[in-house]
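# Descriptive structure summary
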Amino acid sequence: MLIDTPDDDTRTALAPDLRRLDERSARAWTERMAVRHLGGAEYAVDSESGATYVVDLSERTCTCPDHEIRHQQCKHLRRVALEITSRRVPPPGHVRAVCDACGTETFVDEDADRPHLCDACYVEPGDVVQDRETGDRLVVQRVTDERADDVRIDAADCTVAEYATNRDYPADDLVIEVSYLSDLGRDRQRTYSFPLSRLAEADDAALVA
């Protein structure tokens, strides 16, 4: 199957050490191709010849003659795998996104709710984290998409960003709701709002049962 090639020519060659590679692997590395994620596990590959083929990684298929007629693992299948490994295109089931915490480009699940977080910023409910100011260990209860300068702390009559010990952290930090690890299991477990960058990964950061 052929599909339209985009107007801008983004086809590139990669630059590996070609020793010990078979012919198809070498061509996957060196030929000018552009790989575009079509969603799910499907990718369009704009080849050096000008033709465009569709690779389906879930089925391990490609619409090129080398695969459909010769039943070979073609250069297009191999190139898609290389592009995913080098993080030039999203892996199956993921989309490209911008981290809502630091602005870094990342990949997230296609159906992921906001906020979108990169690997460096990622936390989830149950993670054990550490307060950079006090060293206390905390348990993440909820990851919000709200900003520290928008969330009010009623007891202190100020926003999370304005709270005295938070003033050295970005005012637009994402707000993370946490509880103190020492309070787990108590009848009256309180939840507190912290700016994300105030929280550091703890040594015992595994999920709490």
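A short tour of the structure in this document, coming up. (Residues numbered from 1 in each chain as written. Predicted model: local features only at pLDDT ≥ 70, side-chain atom pairs only at ≥ 80, totals over all residues. Heavy atoms only, no water.)

## Considering the sheet that holds strand S3 (residues 52–56)
Within the open sheet, the four strands sit side by side as S1-S2-S3-S4. Their pairing is antiparallel. Edge positions in the sheet fall to strand S1 (34–39) and strand S4 (61–62), since each of these pairs with one other strand and no more. Sheet analysis places S1 next to strand S2 (residues 42–46), joined by five bridges and oriented antiparallel. For Val35, the partnering residue across the bridge sits in S2 and is Val45. (Pairing = 2+ DSSP bridges. Helix = DSSP H or I, 4+ residues; strand = E, 2+ residues; numbered from the N terminus.)

## Digging into unusual backbone geometry
Cis geometry is found at the peptide bond from Arg114 to Pro115, where omega equals 5 degrees. Even without being glycine, Arg60 reaches a positive phi, approximately 60 degrees. Examined against the element boundaries, Arg60 turns out to sit in the loop between S3 and S4. Here Arg60 falls in the partly exposed class, since its relative accessible area comes to 40%. At Arg87, a position not held by glycine, the phi torsion is positive, near 65 degrees. For Arg87, the position within the fold is in the loop between helix H3 (75–85) and strand S5 (94–98). (Buried < 20%, exposed > 50% of the residue type's maximum accessible area, 1.4 Å probe, protein only.)

## Re the sheet that holds strand S13 (residues 199–201)
Strand order across the open sheet formed by five strands is S12-S11-S8-S7-S13, with antiparallel pairing between neighbours. Every interior strand has two partners, whereas the edge strands, strand S12 (192–195) and S13, have only one. The sheet shows a mean angle of 50 degrees between the axes of neighbouring strands, direction not considered. Relative to S13, strand S7 (residues 128–131) is paired through three bridges, and the arrangement is antiparallel. Residue pairing in the sheet places Val129 in a bridge with Glu201 of S13. (Axes fitted to C-alpha atoms, helices over the stretch in contact; angles between N-to-C directions.)

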